[in-house]
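# Descriptive analysis of the structure
Chain by chain, the residues:
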Amino acid sequence: MIPHSRPQNGASLIETSITLLIIAIITVPLVGIATQLITLPIGWQANITAMHEARHAIRTVSEDAMRSHVFYISEPPHYGTFEWTDYTLTVPRDHTVQYFYDEATRTLKRLENSHGGDTLTSVFTNLESYADFTIDNSLNAITVSVTSTADSLRDVYTYSQTMRVAKRVSTP
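To keep things clear, this report deals only with the structure shown in the data block. Computed from a prediction, not measured in an experiment: that's the story for all the values here.

## Side note on the nonpolar core
Ranked by size, the top nonpolar core spans 23 residues in total, and within it Y79, F82, Y99, L108, F133 and I135 carry the most contacts. Among the elements of the structure, α1 (13-67), β2 (78-86), β3 (93-102), β5 (117-124), β6 (133-138), β7 (141-151) and β8 (156-166) are those that each provide at least two residues to this core. Element by element, the count of residues in this core is highest for α1, at 5 residues. The contact partners of F133, leaving out residues within four places of it in the chain, are V61, Y79, L108, L127, V144, S145 and V146.

## A few points about the environment of D132
Its place among the elements puts D132 in the loop between β5 and β6. Along the chain, D132 and Y101 lie 31 residues apart, while their C-alpha atoms are 10.0 Å from each other. Not counting the four nearest positions on each side in its chain, D132 is found in contact with L127, S145, V146 and T147.

## Quick word on the pattern of salt bridges
Per the stated rule, a full pass over the model turns up 5 salt bridges. In this structure, the salt-bridge partner of E128 is R106, at a minimum N-O distance of 3.0 Å. One end of the pair, E128, is in the loop between β5 and β6; the other, R106, is in the loop between β3 and β4 (107-114), and 22 residues separate them in sequence. Via salt bridges that share partners, E63, D64, R67, R110 and E112 belong to a single interconnected network.

## Let's talk about the packing of aromatic side chains
Scanning the entire structure with this criterion turns up 5 aromatic pairs. Arranged with centres 4.5 Å apart and planes meeting at 0°, the rings of Y79 and Y130 form a pair that is stacked. A residue pair is termed long-range when its members are at least 10 positions apart, and Y79 in strand β2 and Y130 in the loop between β5 and β6 qualify at 51 residues. In this structure Y79 comes out as buried when scored by relative accessible area, which is 4%. We classify Y130 as partly exposed; its relative accessible area is 26%.

## Describing the sheet that holds β3
The 5 strands are arranged β1-β2-β3-β4-β5 in an open sheet whose pairing can be described as antiparallel. For this open sheet the edge positions go to β1 (70-73) and β5, each flanked by a neighbour on one side alone. If you compare each strand with its neighbour and ignore which way they point, the axes differ by 20° on average. Relative to β2, β1 runs antiparallel, the two sharing 4 bridges. By the bridge assignment for β2, V70 is matched with E83.

## Focus on the pairing of β4
Most of β4 is tucked away, with 6 of its 8 residues classed as buried. The pairing of β3 with β4 spans 8 bridges and is classified as antiparallel. Residue pairing for β4: Y99 is matched across the bridge by R110. What sits between β3 and β4 in their antiparallel hairpin is a turn of 4 residues, with R106 showing a positive phi close to 55°. For β4 and β5, the ladder comprises 7 bridges, and the chain directions are antiparallel. Looking at the pairing, K109 lines up with S122 of β5. What sits between the antiparallel neighbours β4 and β5 is a turn of 2 residues, in which H115 has the positive phi angle 60°.

Calculation criteria
Residues numbered from 1 in each chain as written. Predicted model: local features only at pLDDT ≥ 70, side-chain atom pairs only at ≥ 80, totals over all residues. Heavy atoms only, no water. Core = buried A, V, L, I, M, F, W, Y, C linked by side-chain atoms within 4.5 Å. Buried < 20%, exposed > 50% of the residue type's maximum accessible area, 1.4 Å probe, protein only. Helix = DSSP H or I, 4+ residues; strand = E, 2+ residues; numbered from the N terminus. Contact = heavy atoms within 4.5 Å. Salt bridge = Lys/Arg side-chain N within 4 Å of Asp/Glu carboxyl O. Phe/Tyr/Trp six-rings, centres within 6.5 Å; stacked < 30°, edge-to-face > 60°. Pairing = 2+ DSSP bridges. Axes fitted to C-alpha atoms, helices over the stretch in contact; angles between N-to-C directions.

Below you can see the structure in the form of structure tokens.
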């Protein structure tokens, strides 16, 4: 008589080993692709953040330059001071806005004095040095330039932007 073999209830050791080998062969390239998909957006995010901060700084300073009647250039670490009077209010209010570089935090700071109260805000945080931000007061325009630097996992991104604003009145 031929002995009857029992029906197999599971996979043999060889079948399981081959299945794990196939899964490993497929998984290794997928891990590499997933790593690329994770690290590239981090680099893009650093670049986009640098670009947005530079644009925000340019826009903020340009808005102050457009409002101002007078601009005084200062010595480092200060960049300068804008002054204007806001006549849109019931009682006209004088404004003074001063921009300066804070070396401890490597940020561009904006100090606004309006109606006796001071407001200090950080305008730009990717400022590597004092020279990366300039306010040039020449001819009939105020030129604002900023260079933003951001580190990602692989690269250092640098973004520069410049904007010119026509003067309302001449500087003293």
